[in-house]
Amino acid sequence: MSNSEEKIIEDAIRKNAAGPKSAEVDGQKVEHHSLPDQIAADAYLASKKAVKSRNSGLKITKLSHSGA
């Protein structure tokens, strides 16, 4: 996920948290996901990004001894 996508997700979470949970206008009802669900979704996406990264948090090196 790129930096701009992360920024969009953060902005959406911030906007949904600031607004009402549900609204009804002219018979149409809109309801946002709960904040814990949004946070869990963000954590899930962040973990997927970490797994897809080149080294996945692991550093693999070749060890060799200086044998005589």
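Our structure's up above, just so we're on the same page.
Heads up: these notes are all about the structure in this document. (Residues numbered from 1 in each chain as written. Predicted model: local features only at pLDDT ≥ 70, side-chain atom pairs only at ≥ 80, totals over all residues. Heavy atoms only, no water.)

## Digging into the overall build of the protein
Here is the rule: Only DSSP runs of H or I with at least four residues qualify as helices, and only runs of E with at least two residues qualify as strands; both kinds are numbered from the N terminus onward. For each residue, the accessible area found with a 1.4 Å probe, counting protein chains only, is set against the maximum for its type, and the residue is called buried under 20%, exposed over 50%, and partly exposed in between.
Across its full length, the protein carries 2 helices and 2 strands. Going residue by residue from the N terminus, the α and β elements of the protein occur as α-β-β-α. Counting only residues that meet the buried cut, the protein has 3% of its 68 residues in that class.

## Quick notes on the pairing of strand β2 (residues 28–31)
Two faces, one strand: in a regular strand the side chains alternate between the faces of the sheet. Here is the rule: Following DSSP output, two strands are said to pair if at least two bridges run between them.
Strand direction decides the pairing type here: strand β1 (residues 22–25) and β2, joined by 4 bridges, are antiparallel. The residue bridging Glu-24 from the neighbouring strand is Lys-29, located in β2. Between the antiparallel neighbours β1 and β2 lie 2 residues, among them Asp-26 with a positive phi of about 50°.

## Here's the deal with unusual backbone geometry
Residue Asp-26 is not a glycine yet carries a positive backbone phi of 50°. With respect to the secondary-structure elements, Asp-26 resides in the loop between β1 and β2. Asp-26 sits in the exposed class, given a relative accessible area of 78%.

## A closer look at the packing of helix α1 (residues 3–18) against helix α2 (residues 35–52)
Short version of the rule: Simply put, an axis is a line fit to the C-alpha atoms, just over the touching stretch for a helix, and the angle between two N-to-C directions goes from 0 to 180 degrees. Any angle that is under 35 degrees is reported as roughly parallel, and any over 145 degrees as roughly antiparallel; angles of 65 to 115 degrees are reported as roughly perpendicular and all others as oblique. By definition, residues are in contact when any of their heavy atoms lie within 4.5 Å. Classes in brief: Ala, Val, Leu, Ile, Met, Phe, Trp, Tyr, Cys and Pro nonpolar; Asp, Glu, Lys and Arg charged; the others, Gly included, polar.
Remark: α1 packs on α2, axes separated minimally by 10 Å, with the N-to-C direction vectors making an angle of 170°. The pairing of α1 with α2 is recorded here as roughly antiparallel in orientation. Taken together, the residues of α2 that come into contact with α1 (itself represented by Glu-6, Ile-9, Ala-12, Ile-13, Asn-16 and Ala-17) are Leu-35, Gln-38, Asp-42, Leu-45 and Lys-49. In terms of residue class, the contact of α1 with α2 is made up of 6 nonpolar, 2 polar and 3 charged.

## Observations regarding the environment of Ile-39
Within the secondary structure, Ile-39 sits in helix α2. Taking the relative accessible area as the measure of exposure, Ile-39 reaches 48% and is therefore partly exposed. Taking the C-alpha atoms as reference points, Ile-39 and Ile-13, separated by 26 residues in sequence, lie 7.9 Å from one another.

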